[in-house]
Amino acid sequence: MTKSRDDRDDQNKANHDPGRRRFLKGMGIAGAGAAIADHLWTDAEAKEAAATPETLSGSVRVVLDVNGKQREAQVEPRTTLLNTLRNHLDPAVTGPKLVCDVGTCGACTVLLDGKPVYSCLVLAVDATNKKITTVEGLGTPENPNAVQAAFVEQDGLMCGFCTPGFVTTISAYLKKNPNPSLAEVKEACKGNFCRCGTYPRVFEAALAAAKGSSV
Amino acid sequence: MQQQPQAQPTPKPKKKIRVPRVVNGVEQMVEIEVDEDTGPGWGPNDKHKLLNQRLTRVDGPLKAAGVARYTYDQRLPDMLYARVLRSPHAHARITKIDTDAAAKIPGVKAIIPAPLSEVRFAGAPVAAVAATTPEIAGDALRAIKVTYEVLPHVVHAHAAIRPDAPKVVAEESNLQEKGKNGDPQKAEAAFATADAIVEGEYITSRIHHACLETHGMVVDFRGGDTATIYASTQGTFTIHGDAAKELGLTESAVTTTVEHMGGGFGSKFGLGLEGMLACRLSKQTKTPVKLMFTRYDEFVMAGNRSGSWQKLKAGVKKDGTIVALQARQYRLGGLGPGSQAGQPYIYRMGDTYREIYALHTNEDSSVAMRAPGHPQASFAVESLMDELAYKIKMDPVEFRIKNLRDEVYHRQLKRGAQEIGWSRRNPVAGGNAGPYKRGMGCAVGTWGGGGNDQCKVDVTISRDGSVLVAVGTQDLGTGTRTYTRAIVAEELGLTIKDVHERIGNSKLGNANPSGGSTTAPSLSPSVKDAAIKARMMMAERVAPLLGNPKPEEVVFAEGKVSAKGQSMSWAQAVAALPAGGITSHGVWRSDLQARGVHGVCFAEVEVDVETGHVKPIKMVHIQDGGLPLNRLTMESQINGGMIQSLGMALWEGRVMDAHLGMQLNPGFGDYKLPGSLEIPEMVPIIDDDDKREAVIGIAEGCIIPAVGALVNAVFNATGVRVRETPATPDKILMGLMNPNILSRG
């Protein structure tokens, strides 16, 4: 019922792309379970799944490439990438935050092969063989990337719980568009919520980072 | 045998002052006796080296790199994950809980019932589960079979007020009188002298704190003599007492820590339901338990800002003098009493009479939310003020100045008008041409923001030169860590980097919970006191090396310690300290803080009159607050106040289903928070004309007036008076379609 809503070519091009925008596009209007399932399972995928009788159950071993390191975990197939990072890797990777767990807030944003995704919407078993970059992989307190440094300078954070998501989103966006306008920054951040109300300074931080140096 | 009486210290001179005490985030004024204060003050606001400057947050790098460790990030060896089973019914008796199937699921370690046999709101906790993963805990919730005897419920105020409405609590009226004030006859008589009268009903929806870090705790108890609790809390010292009772330990055996916390906005005090359940699960399993609410839990059981329903009638003379006000105010706090400031809030309105009631529904109790009760009262009275001004064709800014006694508002209103470009405003509501209509509105707000004498601060200077300031307080994202360091660094003539802070631990010096904007005015005087004392202790030590000056003659500046024309580096100076360094103990001084803040907000919006869509264009908020400890973070808080109000004014509101008794929008997909695309140009202004050399809390003052300013701007743009928040397109279109029917009144 919902296929016609999305551009066919777009869908075919990105069969395995759990990109945030594309997912939200499917969610936005209906938010109905059917629509989501329909959206995520393209015909090709459904056929592929039908042809592969293997069912993952119990727990499985996954090897994830997190911030350049091979990390192993034993998880149930239903475990999200977010919960795997936070609850199953040892030591834990807790930069990405669990806030809504349903792909509405952006606090769990990580980069999957360089593209921002909501890690609460990705299963760990689907994230193997992909390069996963979390906020911790972008820089450290001592050696921050330009976006992280700008967030501190411009006071783009208060409680800081949304910050990893914003930093990750903006870091990826500036690679795509190194010289954005304010309107473009706002557009890039629309998948991330902040509750303290730091938005104006998040925008300033993004613009300052773009101006300052490469990310 | 007679005991020798102990030598009594000479009593210090005392004075009485009024200070706010915060009970669950609600401010109450009490009179206390304190020592007559002496000692150096802050000095002029424009003479500081670090304070009143733009200091980046000391915890900023950790947060930006994602390595700041929040409660939600704690993961302890063998830790179990807990989840809460919620009632689907708004009112029911629990007759049976069958946990057999759930208990058999591998990985489920404990199932406990919640302490209620009757649930009075949908989402009420029924049971809690601890399991080896959160996913398995979720399975267990689905496997628990609960038998309910369903009872009648009511979730909407207009239904709950009917005499035949289902009773929220058996044998008790849903409507409870909370107070009357003024003389109804005098007010009634005064209306006769009015040239114009405005009567309206104003409603604010319940809104949610929506803290990004949900409520929750990690209880680290393994059956021994001690426990540690990691809590997402606004009060480090509000947890361990009740937790100790739950765990069967002594209070001092329980330590609470809160290194960083992901938002509270008034909703996170005390052990709470989540902490109680976590303690019980941990006690039963002798294993650490983490219980963080899910987002759904957070919406339906972590509290909210109470709604309001206010019936106001005011009379005004042609010259702008308000002669009378009658107000009937209903606080819509669900099971709780709710909160609402009494009308006429801060305006002079001649003869006034008000009645306040709590009107109960089958919803979870509201809890404190940033300036409890004030945005509700402010929205109603600022709308009323606007209506009165338009009715007598007086400029709304001028009209406010006429009816506000305090001249601080006068200057702030004039400045705000200038900043927003009030002169560009079309005085005729809806008078601009075209489908995109712009308009402007304004409003004012007040708050206390005074401190109290709870904070005990230690400053330790070690012989290696390091400086540590320690106190158990918590940083909610307000910048507490940063100014705590800055006060000490400035006093000792050091840089921010030379001082470190240790906070967020109940084994450190006591500190007040962060409610009522009391943290900065309570904490900073104690920090300052400790810093001054440390400076004096150190001055005594180095005096012999500097030609024996009096301690107060020793100057600490720019990393040097000097006196009598001699100077030494910090490293040389600290070498004079004993092996254990020195530690000073700071206590609160009332003269270093004050109370009473003023703020005004101006807003410009653009309304598409074909769709009813409101686009915020610009917001200006001017806020005084005595000595700004840190301009950068203070501006951020002002922005935050404006943005949270923006949500309340235009988008946010809990939607309840009358039949099901459930919330229909318990998630960010349906509960609309302000997002990046809606943020207008924002101008946070610190009112430097406030010359008080005292610290005052501002976090709440700056959230109050924006709701009124925005909705008044919608009126100026369209001619539609929306009397119910959020001012969504449906209400605006309704008003546009039939100008004779004011939206919902």
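Conventions adopted
- Residues numbered from 1 in each chain as written.
- Chains lettered and ligands numbered in written order.
- Predicted model: local features only at pLDDT ≥ 70, side-chain atom pairs only at ≥ 80, totals over all residues.
- Helix = DSSP H or I, 4+ residues; strand = E, 2+ residues; numbered from the N terminus.
- Contact = placed C-beta atoms within 7 Å.
- Nonpolar A, V, L, I, M, F, W, Y, C, P; charged D, E, K, R; others polar.
- Pairing = 2+ DSSP bridges.
- Axes fitted to C-alpha atoms, helices over the stretch in contact; angles between N-to-C directions.
- Domains from an automatic or database assignment.
- Left-handed = near helix turned anticlockwise from the far one by under 90°.
- Right-handed = clockwise from strand over helix to strand, strands pointing away.
- Core = buried A, V, L, I, M, F, W, Y, C linked by C-beta atoms within 7 Å.
- Buried ≥ 20, exposed ≤ 12 C-beta atoms within 10 Å, placed from the backbone.
- Expected span 1.5 Å × (residues − 1).
- pLDDT = per-residue confidence, 0-100.
- Arc of directions from axis to C-beta.

Student: Explanation requested: the overall build of chain A in the structure shown.
Tutor: Secondary structure assignment for chain A yields 10 helices and 5 strands. Considering only contacts in chain A between residues 6 or more positions apart, those separated by 24 or more positions represent 61%.

Student: What should I look at first to understand the overall build of chain B in this one?
Tutor: Within chain B, the secondary structure is distributed over 17 helices and 29 strands. Across its three principal axes, chain B shows a C-alpha extent of roughly 85 × 70 × 60 Å. Sequence separation of at least 24 residues holds for 78% of the intrachain contacts in chain B that already meet a minimum separation of 6.

Student: Sorry if this is basic, but what is going on with the interface of chain B and chain A here?
Tutor: A common way to express how large an interface is: the accessible area buried when the components associate. Each side of the interface is counted separately: chain B has 47 residues, and chain A has 50 residues. Residue assignment for the side of chain B that touches chain A shows that the elements contributing at least two residues are helix 1 (60-64), helix 3 (134-143) and helix 15 (631-650) of chain B. Residues that form the side of chain B that touches chain A fall into these classes: 22 nonpolar, 18 polar and 7 charged.

Student: Would you explain the sheet that holds strand 20 (residues 467-470) of chain B in this entry?
Tutor: In sheet architecture, strand pairing relies on hydrogen bonds along the backbone and comes in two forms, parallel and antiparallel. Residues and elements named next belong to chain B. Overall, mixed pairing links the 4 strands, which are arranged 21-20-19-25 in an open sheet. Looking along the sheet, the strands with just one partner apiece sit at the ends: strand 21 (499-502) and strand 25 (582-586). The mean inter-strand angle of the sheet, taken between neighbouring strand axes irrespective of direction, is 20 degrees. Bridge count for strand 19 (residues 457-461) against strand 20 is 4 bridges, and the pairing is antiparallel. Of the residues in strand 20, the one forming a bridge with threonine 460 is leucine 468. Sitting on the sheet, helix 12 (residues 480-491) is in contact with strand 19, strand 20 and strand 21, with an inclination near 135 degrees to strand 21.

Student: Would you mind showing me how to read the domain arrangement of chain B here?
Tutor: All names here are of chain B. With domains assigned, chain B is organised as domain 1 (17-68 + 451-592), domain 2 (71-151 + 215-292) and domain 3 (307-449 + 594-737). Counting from both sides, the interface comprises 18 residues of domain 1 and, opposite them, 18 residues of domain 2. Classifying every residue of the side of domain 1 that touches domain 2 gives 4 nonpolar, 12 polar and 2 charged.

Student: Explain the packing of helix 6 (residues 240-247) of chain B against helix 7 (residues 272-285) of chain B here, please?
Tutor: How two helices pack is summed up by the angle between their axes together with the distance between the axes. All names here are of chain B. Two elements in contact, helix 6 and helix 7, have axes separated by 9 Å at closest approach and are oriented at 35 degrees. The two elements helix 6 and helix 7 meet at a crossing, and its hand is right-handed. Counting all contacts with helix 6, which are made through Ala243, Glu246 and Leu247, the residues of helix 7 involved are Gly275, Met276, Cys279, Arg280 and Lys283. Residue composition of the contact of helix 6 with helix 7, grouped by class: 4 nonpolar, 1 polar and 3 charged.

Student: Could you clarify how one ought to interpret the pairing of strand 28 (residues 681-686) of chain B in this entry?
Tutor: Note on strand geometry: in a regular strand, side chains alternate between the two faces of the sheet. Residues and elements named next belong to chain B. Both strand 27 (residues 613-623) and strand 28 contribute to a ladder of 6 bridges, which runs parallel. Its bridge partner being in strand 28, methionine 619 is matched across the sheet by methionine 682. Each parallel crossover has a hand, and the one from strand 27 via helix 15 to strand 28 is right-handed.

Student: Explain the sheet that holds strand 8 (residues 145-150) of chain B here, please?
Tutor: Residues and elements named next belong to chain B. The 3 strands lie next to each other as 6-4-8, forming an open sheet whose pairing is antiparallel. If you trace the sheet from one side to the other, it starts and ends with strand 6 (118-119) and strand 8, each paired once. With 2 bridges joining them, strand 4 (residues 92-98) and strand 6 adopt antiparallel strand pairing. Within the sheet, the bridge partner assigned to alanine 92 lies in strand 6 and is valine 119.

Student: In this structure, what is going on with the nonpolar core? I would like to understand it.
Tutor: Soluble, globular proteins show a tendency: their nonpolar side chains are buried together. Residue and element names in this part refer to chain B. Among the nonpolar cores identified, the biggest contains 275 residues, and Ala82, Val129, Cys601, Leu710 and Val714 are the most heavily contacted of them. In terms of residue count, helix 13 (residues 519-542) provides more of this core than any other element does, 10 residues in total. When residues no more than four places from it in sequence are discounted, the contact partners of valine 714 are Gly439, Val605, Val607, Val614, Val720, Val722, Ala727 and Ile732.

Student: Help me understand the environment of B:Gln593, please; the structure alone is not making it clear to me.
Tutor: Residues and elements named next belong to chain B. Along the polypeptide, glutamine 593 turns up in the loop between strand 25 and strand 26 (597-608). Taking the number of C-beta atoms within 10 Å as the measure of exposure, glutamine 593 has 28 and is therefore buried. Contact partners of glutamine 593, with chain neighbours within four places excluded, come to Gly450, Gly451, Pro521, Pro525, Ala694, Val695 and Ile696.

Student: Is there a simple way to think about helix 15 of chain B in this case?
Tutor: An α-helical turn contains 3.6 residues, so any two residues separated by three or four positions project in the same direction. Helix length check: helix 15 of chain B (20 residues) gives 28 Å between terminal C-alpha atoms against 28 Å at 1.5 Å per residue, within 8%. Of all 20 residues in helix 15 of chain B, 18 are buried; the element is thus mostly enclosed.

Student: What's the story with unusual backbone geometry in this structure? I'm lost.
Tutor: Among all residues except glycine, the phi angle is most often negative; among peptide bonds, the trans geometry is most common. All names here are of chain B. Omega for the bond connecting glutamine 343 with proline 344 falls within 30 degrees of zero, at 10 degrees, which places this linkage in the cis form. Note that proline 344 resides in the loop between strand 16 (322-332) and strand 17 (351-359). Phi is positive for alanine 371, which is not a glycine, with a value near 65 degrees. One can find alanine 371 in the loop between strand 17 and helix 9 (374-391).

Student: Would you take a moment to explain the confidence of the model for chain B for this structure?
Tutor: When pLDDT drops low, the exact placement of atoms in the prediction is not to be read closely. Of all residues in chain B, 94% have pLDDT values of 70 or greater, and the mean over the chain is 94. Taken together, the chains of this predicted complex give a pTM of 0.91 and an interface ipTM of 0.94.

Student: Where do I start with the pairing of strand 26 of chain B in this structure?
Tutor: All names here are of chain B. Counting buried residues in strand 26 gives 10 out of 12 residues, a clear majority hidden from the surface. Alignment of strand 26 against strand 27, held across 10 bridges, turns out to be antiparallel. Looking at strand 27, one finds that valine 607 is bridged to valine 614. Hairpin connection between strand 26 and strand 27: a loop of 4 residues separates the two successive antiparallel strands, and glycine 612 in this loop has a positive phi of roughly 80 degrees.

Student: Honestly, the packing of helix 9 of chain B against helix 16 (residues 706-718) of chain B in this entry has me stumped. Any pointers?
Tutor: All names here are of chain B. Contact geometry for helix 9 and helix 16: axes closest at 8 Å, N-to-C directions at 35 degrees. Crossing handedness for the pair helix 9 and helix 16: right-handed. Here Pro375, Ser378, Phe379, Glu382, Ser383 and Asp386 of helix 9 come into contact with helix 16, specifically with Val707, Gly708, Val711, Asn712 and Phe715. Within the contact of helix 9 with helix 16, the residues separate by chemical class into 5 nonpolar, 4 polar and 2 charged.

Student: I keep staring at the environment of B:Trp309 and nothing clicks. Help me out?
Tutor: Residues and elements named next belong to chain B. Mapped onto the elements, tryptophan 309 comes out in strand 15 (residues 307-316). Given 22 C-beta atoms within 10 Å, tryptophan 309 falls into the buried group. Separated by 68 residues in sequence, tryptophan 309 and alanine 377 have C-alpha atoms that sit 9.6 Å apart. If near-sequence neighbours (up to four positions away) are discounted, tryptophan 309 is found in contact with Ala157, Glu201, Ile203, Tyr330 and Leu332.

Student: What exactly am I supposed to notice about the confidence of the model for chain A here?
Tutor: In the predicted model, chain A carries a mean pLDDT of 84, and 73% of its residues have values of at least 70. Note on residues 21-39 of chain A: pLDDT is under 50 here. Beyond four places in sequence and across chains, it has 21 contacts.

Student: It is not clear to me how the environment of B:Val711 should be interpreted in this structure. Could you clarify?
Tutor: Residue and element names in this part refer to chain B. Looking at the secondary structure, you find valine 711 in helix 16. Measuring from C-alpha to C-alpha, the distance between valine 711 and threonine 725 comes to 8.3 Å, with 14 residues separating the pair along the chain. Beyond its immediate stretch of four places on either side in the chain, valine 711 contacts Phe379, Ser383, Gly441, Ala649, Val722, Thr725 and Ala727.

Student: Would you take a moment to explain helix 17 (residues 729-737) of chain B for this structure?
Tutor: All names here are of chain B. What helix 17 keeps buried is the set Lys731, Ile732 and Gly735. One side of helix 17 carries all its buried residues, which in axial view fall inside an arc of 100 degrees. What points out from helix 17, more than 90 degrees from its buried face, is the exposed set Asp730 and Met737.

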